[in-house]
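Examination of the molecular architecture
Here's the letter readout for the chains.
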Amino acid sequence: MERPLLPACPTAVWLPPTVLERWQHQGTEAGVTCVLPDGCRDLIVQIDAHGAVHWMVSHLPQQAYGVPARAGEDWLGFRLHPGVGVDADALLQSVQAIDLTRDPAETAARVHAALADFTRCDARVQEALAALAQAPTVGDAARALGVSERTLERLMRTATGEPPRYWRALARVRRAAQALAGDGGPPLAAIAADHGYADQAHFGRECRHWLGQTPARLRASKDLLASVQSSGYG
């Protein structure tokens, strides 16, 4: 049986506006990859070492988690913009019907078309996400949007499955963690204060909850710092 191929890199191929970026990974050895919450859902295809194809749509994680990887695996993902709605069942049904042994450019076009058909961007949700990323509290975000907290809660839960407090907390901890990068960076207490945490201990608890590590351990890990610096919400 011919081994499936990943869709071609879309350097000159249209990507739907709901897609933030395309990523690819090839497993060269067994291990576990740590995935940090970034506010994005992904359409992912995995081709294992035996050539079996597995499609999946990721959920919005509440905390860091590990993904086992094996040598000989190929992974391709399409990261969606934060807050993008996904008809996951229809999207998976569509992409699972694609023959990955055909021309990679042709399969890429079919995957992109499926993403265009079964993902959607709501301007109200994007406006709410922008407000939540910057507001000190959910109440402040609601006032900036000119709606009640109950209306904001209903909008975000309906559109994303998560409440406003999820998005505000995620944006804050990602921005604070990004400030850890660089040699001789600000003291942890200063980062905590700059990002609205009650104190350094509060910042530490939020880092452990969302990112699985203390701020000091994050600062010492180049791989985790690179991950938290990647595109996403906040």
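Thresholds, definitions, all that
Residues numbered from 1 in each chain as written. Predicted model: local features only at pLDDT ≥ 70, side-chain atom pairs only at ≥ 80, totals over all residues. Heavy atoms only, no water. Buried < 20%, exposed > 50% of the residue type's maximum accessible area, 1.4 Å probe, protein only. Helix = DSSP H or I, 4+ residues; strand = E, 2+ residues; numbered from the N terminus. Contact = heavy atoms within 4.5 Å. Pairing = 2+ DSSP bridges. Axes fitted to C-alpha atoms, helices over the stretch in contact; angles between N-to-C directions. Salt bridge = Lys/Arg side-chain N within 4 Å of Asp/Glu carboxyl O.

**Some words on helix α1 (residues 88-96)**
Taken together, the buried positions of α1 are Ala-90, Leu-91, Leu-92 and Val-95. Contacts from the buried residues of α1 go to β3 (42-47), β4 (53-57), β7 (85-86) and α2 (104-118).

**Comments concerning the environment of His-195**
As for its placement among the helices and strands, His-195 is situated in the loop between α7 (188-194) and α8 (200-211). In this structure the C-alpha to C-alpha distance between His-195 and Leu-145, which are 50 residues apart in sequence, comes to 21 Å. In this structure His-195 touches Arg-172, Arg-175, Ala-176 and Ala-179, once residues within four positions along its chain are discounted.

**What about the sheet that holds β4?**
Taken together, the four strands give an open sheet; going across it, the order is β1-β6-β3-β4, and neighbouring strands pair in antiparallel fashion. The open sheet has two edge strands, β1 (19-26) and β4, and neither has a second partner. Direction aside, the axes of adjacent strands within the sheet are offset by 10° on average. Summarising the sheet, β3 and strand β6 (residues 74-80) pair through six bridges and their orientation is antiparallel. Residue pairing for β6: Ile-44 is matched across the bridge by Gly-77. The strands that α1 touches are β3 and β4; relative to β4, the one it contacts most, it runs at about 160°.

**Brief notes about the pattern of salt bridges**
Taken as a whole, this structure holds seven salt bridges when the rule is applied. Its salt-bridge partner being Asp-140, residue Arg-143 comes within 2.6 Å of it at the nearest N-O pair. Taken together, the residues Arg-143 and Asp-140, both in helix α4 (residues 138-145) and three residues apart, mark about one turn of the helix. Accessibility expressed as a relative area gives 59% for Arg-143, which makes it exposed. We classify Asp-140 as partly exposed; its relative accessible area is 27%. Its salt-bridge partner being Arg-157, residue Glu-153 comes within 2.6 Å of it at the nearest N-O pair.

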